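Structural characterization, general
What follows is each chain in one-letter form.
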2 protein chains.
Amino acid sequence: MQKAVIEKNNEVIAAQLTPVGRETVQDRVYSELRRALIGGLFEPSQVLTIRGLADALVTSTMPVREALGRLITEKALEALPNRSVRVPPITLERIDDLLRARSLIEGEAIALAATRMNPRQIASVEAMLGEWDEMRALKHKKDIDREATLNQSFHFEIYRCCGSAVLIPMIESLWLQSGPCIRVAIYAFSDAGEVDTAHYHRSIVAALARQDAQAAREALVADISRPFAFLRDKLQSANRKD
Amino acid sequence: MQKAVIEKNNEVIAAQLTPVGRETVQDRVYSELRRALIGGLFEPSQVLTIRGLADALVTSTMPVREALGRLITEKALEALPNRSVRVPPITLERIDDLLRARSLIEGEAIALAATRMNPRQIASVEAMLGEWDEMRALKHKKDIDREATLNQSFHFEIYRCCGSAVLIPMIESLWLQSGPCIRVAIYAFSDAGEVDTAHYHRSIVAALARQDAQAAREALVADISRPFAFLRDKLQSANRKD
DNA sequence: GTTATTGATTTGTGATCACACTTGCTTTGA
DNA sequence: TCAAAGCAAGTGTGATCACAAATCAATAAC
C-alpha cells in the first residue's frame, strides 16, 4: 500500500473517532472540588483535610494534596499558619473587594464580547434565556443548584466570546473565590422571597444584541451586584446585633 | 505566678521576637521558580522536567511537581497534551491580551492607591526613585537583573497601597505570565540603545503625590505599554521576514 | 473547680517505589 | 536507501511509608 493511501485512510478514521483524552485523577479531584466550591457545598471557614477529602473522593492523598495546592494558589482556599486549609471566611472587606474586582474584569470581558459576538452566538445565549424561563415556569419550588448551574453557563458563554485567554481564567478564579459567599446570599434570597433575576439577564442580552458595550457592562454589574449587596446588608445587620 | 503576669510577660517577649515561620520545601521551590520566571531565566517555549528541576534545586521530585502544578493553574506554565510542561510561547495575540489585562487591573490598582496613599508611603516610593537614579549614575554598564528587581519593587510597593487582597494576587499572576515576554523585550531594548525609563516612573510618582488617580493610571499604562509595544513591533517585523 | 501536663491520635510533608506512557534510537525488512 | 517495527531510556502519576508537628482528651496538681 502506498503512503498517500495509508494517510488518506487514517484521515478517514480520524474523522469518525473522537480523541479519548486521558484525564488524570488529580484533574478529576480538582474539577470536583471546584464544582463543590462554586456550588457552595463547603461553607465559609470550614476546614478541609487531605485524608478526609481523599476518603470522600475514594482516592489516595496524592491527587488531593496537589489539587488543594492549586486551589490555594488561586485563593479559592486559604492555607492557615497551622498548615491546615479552610475555605476563606466572609468579611465585609472581602465582599466589597470581590465585587469591585468582578465588576472590573467581568465588565471588561462583556464589553469586549459585545463588540465581537456574531448573531449565532447571540442567538445561543438568547436560547438559554428561554430555557431558563421554562424551568422557572415548570416548578414553583426553586431548584437552586440547577439555577446556579444555568446562571454560570449563561455568563461564561458570553465571556468566552471576549476572545481573551488571559481574562477568562481570572474570571474563573473570581467565581471560585466568591462561590461560598454567593451561595450564602442565594439561600438567604430564597428565604426572603424571590427577586426577579430574569429581568437583569434579559437586559444583558438586549444590550449584547445591539452591540452596546457600555449598556452591557452596566447591566452585568447590576446583575452581579445584587447578591453581594444583599449579603452585605445581611452581614452588617448581624454585626450591629452583636 | 499569676496568669495575668505570665501573659504580660509573654507579650513582652513576643514584641522582641520575630516569628520564624516554617517555610516548606515546596514553598521554596515555588518561590524560586517564580523568581526565575519573572526574571526571564527560562525562555518562552522551553520545556521543563520534574526530575531535571529537582536535580537543579537539589530536592526530590515531590515539592517540584506540586510547585509546577500551582504554576500551571496560574497560567505561568503550560501543560502540553503530552503531559510535559513548558513556559508558554510568545504570540502577537498573547502580547496584546496580556497588555490589555495588565492595563486594566494594574490601572485600577494604582487608581485606588492614589486615593489611599499617605505621605509616608509616597515618600517611600519617591525614595526608591532616588536610589534608582544613583544606581543608574554609578554604572554605565546596565545591570538588567538589578534594574528589573527594582522595577518590580517599585510597582508592587504602590499596588500594595490599593488595599485589595483580591487584585494583588491577580497582578502577581499577570507579572508571572508576562515575565518571559518582558525579559525578551528588555534584552532587545538594551541592545537597541536605551530609552529613559526614569521619566515614566517620575510622572507616576508625581501623579500619586497630588492624588490624581486618572493621571496615575495613564502614566502607569504608558510605562507598562512600552516594552509590550517594542516586543510587538519586533515580532511583527520578524513575521514579515518569514 | 480550674489550670497544666502528659500521652495518643490525627494531620501535613517529603521520599521512594511501581507502573504506564512518551520519545528517540537502533535494527530489520522490502 | 528508506520506512516501519522494536527496544531502551526517560518522564509523569499515583500509592505507600516515615517523620514531625498539631490537636485533643484525659489525668494530675493546685
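Conventions adopted
- Residues numbered from 1 in each chain as written.
- Chains lettered and ligands numbered in written order.
- Predicted model: local features only at pLDDT ≥ 70, side-chain atom pairs only at ≥ 80, totals over all residues.
- Heavy atoms only, no water.
- Contact = heavy atoms within 4.5 Å.
- Buried area = accessible area lost by both parts, 1.4 Å probe.
- Salt bridge = Lys/Arg side-chain N within 4 Å of Asp/Glu carboxyl O.
- Polar contact = N/O pair within 3.5 Å; in protein donor to acceptor, adjacent residues only side chain to side chain.
- Helix = DSSP H or I, 4+ residues; strand = E, 2+ residues; numbered from the N terminus.
- Axes fitted to C-alpha atoms, helices over the stretch in contact; angles between N-to-C directions.
- Parallel < 35°, antiparallel > 145°, perpendicular 65-115°, else oblique.
- Left-handed = near helix turned anticlockwise from the far one by under 90°.
- Nonpolar A, V, L, I, M, F, W, Y, C, P; charged D, E, K, R; others polar.
- Near = heavy atom within 4 Å.
- Least-squares fit on C-alpha atoms with pLDDT ≥ 70 in both.
- Phe/Tyr/Trp six-rings, centres within 6.5 Å; stacked < 30°, edge-to-face > 60°.
- Buried < 20%, exposed > 50% of the residue type's maximum accessible area, 1.4 Å probe, protein only.
- Lys NZ or Arg CZ within 6 Å of the ring centre and 35° of its normal.
- pLDDT = per-residue confidence, 0-100.
- Core = buried A, V, L, I, M, F, W, Y, C linked by side-chain atoms within 4.5 Å.
- Pairing = 2+ DSSP bridges.

An unreviewed UniProt entry lists chain A under the name GntR family transcriptional regulator, with Mesorhizobium tianshanense given as the organism.

1. Quick notes on the interface of chain A and chain B
With 29 residues of chain A at the interface, the matching set in chain B holds 29 residues. Here chain A packs against chain B, burying approximately 2,700 Å² in sum over the two surfaces, 62% of which is carbon and sulfur. Linking chain A to chain B there are 2 salt bridges. For the pair chain A and chain B, the number of links is 7 residue pairs in polar contact (both at pLDDT 80 or more). Looking at the side of chain A that touches chain B, the elements that each hand over two or more residues are helix 4 (61–73), helix 5 (92–116) and helix 8 (167–191) of chain A.

2. Notes on the packing of helix 7 (residues 144–159) of chain A against helix 9 (residues 198–209) of chain A
Residues and elements named next belong to chain A. It is the contact of helix 7 with helix 9, at a shortest axis distance of 12 Å, that shows an interaxial angle of 15°. With respect to their mutual orientation, helix 7 and helix 9 come out roughly parallel. Pair helix 7 / helix 9 crosses with left-handed handedness. The residues of helix 9 that touch helix 7, namely those facing N151, F154, H155 and I158, are H201, I204, V205 and L208. Looking at the contact of helix 7 with helix 9 residue by residue, the class counts come to 5 nonpolar, 3 polar and no charged.

3. Examining the environment of P44 of chain B
Residues and elements named next belong to chain B. Summarising the element assignment, P44 is placed in the loop between helix 2 (25–38) and strand 1 (47–48). When the C-alpha atoms of P44 and C181 are compared, they prove to be 7.3 Å apart, with 137 residues separating the residues in sequence. Excluding residues within four positions of it along the chain, P44 makes contact with V87, P88, P89, I90, P180 and V184.

4. Remarks on the protein's contact with DNA strand C
Close to DNA strand C lie 16 residues, the nearest being I50, R51 and R65 of chain A together with V25 and S60 of chain B. Put simply, 54% of the atoms of DNA strand C that lie within 4 Å of the protein are in sugar or phosphate. Contacts to DNA strand C include N82 of chain B, whose side-chain N or O atom sits 3.3 Å from a phosphate oxygen. Where the surface near DNA strand C is concerned, the elements lending two or more residues are helix 3 (50–57) and helix 4 of chain A together with helix 2 and helix 4 (61–73) of chain B. Among the elements that take part in the surface near DNA strand C, helix 4 of chain B stands out by supplying 3 residues, more than any other.

5. Overview of the relation of the copies chain A and chain B
Overlaying chain A with chain B gives an RMSD of 0.0 Å, the required rotation being 180° about an axis along which the chain moves by 0.0 Å. The superposition operator between the copies reduces to a two-fold rotation axis. Within chain A, the C-alpha atom positioned nearest to the axis of rotation is that of R70 of chain A, 2.4 Å from it. Interface residue correspondence from chain A to chain B reaches 97%, placing this contact among same-surface, isologous pairings.

6. Some thoughts on the packing of aromatic side chains
By convention here, two paired aromatic rings are described through the distance between centres and the angle between planes. Residue and element names in this part refer to chain A. The final tally for this structure, using the stated rule, is 4 aromatic pairs over all chains. Ring geometry for F156 against Y159: centres 5.6 Å apart, planes inclined by 85°, an arrangement best described as edge-to-face. A residue pair is termed a helical-turn pair when its members lie 3 or 4 positions apart in one helix, as F156 and Y159 do in helix 7 at 3 residues. What makes F156 buried here is its relative accessible area of 10%. When its relative accessible area of 0% is taken as the criterion, Y159 is described as buried. Three or more aromatic residues joined by ring pairs form one cluster here, namely F156, Y159 and W175. Sitting over the face of the ring of Y30, R70 holds its NZ or CZ atom 4.0 Å from the ring centroid.

7. Here we look at the confidence of the model for chain A
Low-confidence regions, as indicated by low pLDDT, have predicted coordinates that should not be scrutinised in detail. Taken residue by residue, chain A gives an average pLDDT of 85. The fraction at 70 or more is 84%. Ranking the elements of chain A by mean pLDDT puts helix 1 (residues 3–16) of chain A last with 52 and helix 5 of chain A first with 95.

8. Description of unusual backbone geometry
A positive phi angle is found at V58 of chain A, which is not glycine, with a value near 55°. Relative to the helices and strands, V58 of chain A is located in the loop between helix 3 and helix 4. According to the relative accessible area criterion, V58 of chain A is exposed, its value standing at 70%. Backbone geometry places Q211 of chain B, a non-glycine residue, at a positive phi of 55°. Tracing the backbone shows Q211 of chain B in the loop between helix 9 (198–209) and helix 10 (213–241).

9. Things to note about the nonpolar core
F154 of chain A together with F154 of chain B are the most contacted members of the largest nonpolar core, which has 135 residues in total. Discounting chain neighbours no more than four positions away, the residues touching F154 of chain B are V125, M128, L129, W132, H201, I204 and V205 of chain B.

10. Topic: the pattern of salt bridges
Side chains that carry opposite charge are capable of pairing whenever their charged atoms lie near each other. This model, assessed by the stated rule, comprises 29 salt bridges over all chains. A salt bridge links E66 of chain B to R65 of chain A; the shortest N-O distance between them is 3.8 Å. Of this pair, E66 of chain B sits in helix 4 while R65 of chain A sits in helix 4, which puts the two residues in different chains. R65 of chain A sits in the partly exposed class, given a relative accessible area of 29%. As a salt-bridge pair, E32 of chain B and R35 of chain B come within 2.8 Å of each other at their nearest N and O atoms. With E32 of chain B and R35 of chain B both in helix 2, this residue pair falls 3 residues apart, about one helical turn. Residue R35 of chain B is classed as exposed on the basis of its relative accessible area of 53%. Linked by salt bridges that have partners in common, R34, E74 and E172 of chain A make up one network.

11. As for the sheet that holds strand 1 (residues 47–48) of chain A
Residue and element names in this part refer to chain A. Strand order in the open sheet formed by 3 strands is 1-3-2, and the pairing between neighbours is antiparallel. Two strands bound the open sheet, and with one partner strand each, they are strand 1 and strand 2 (78–79). With 2 bridges joining them, strand 1 and strand 3 (residues 85–86) adopt antiparallel strand pairing. Residue pairing across strands places V47 opposite R86, the latter belonging to strand 3.

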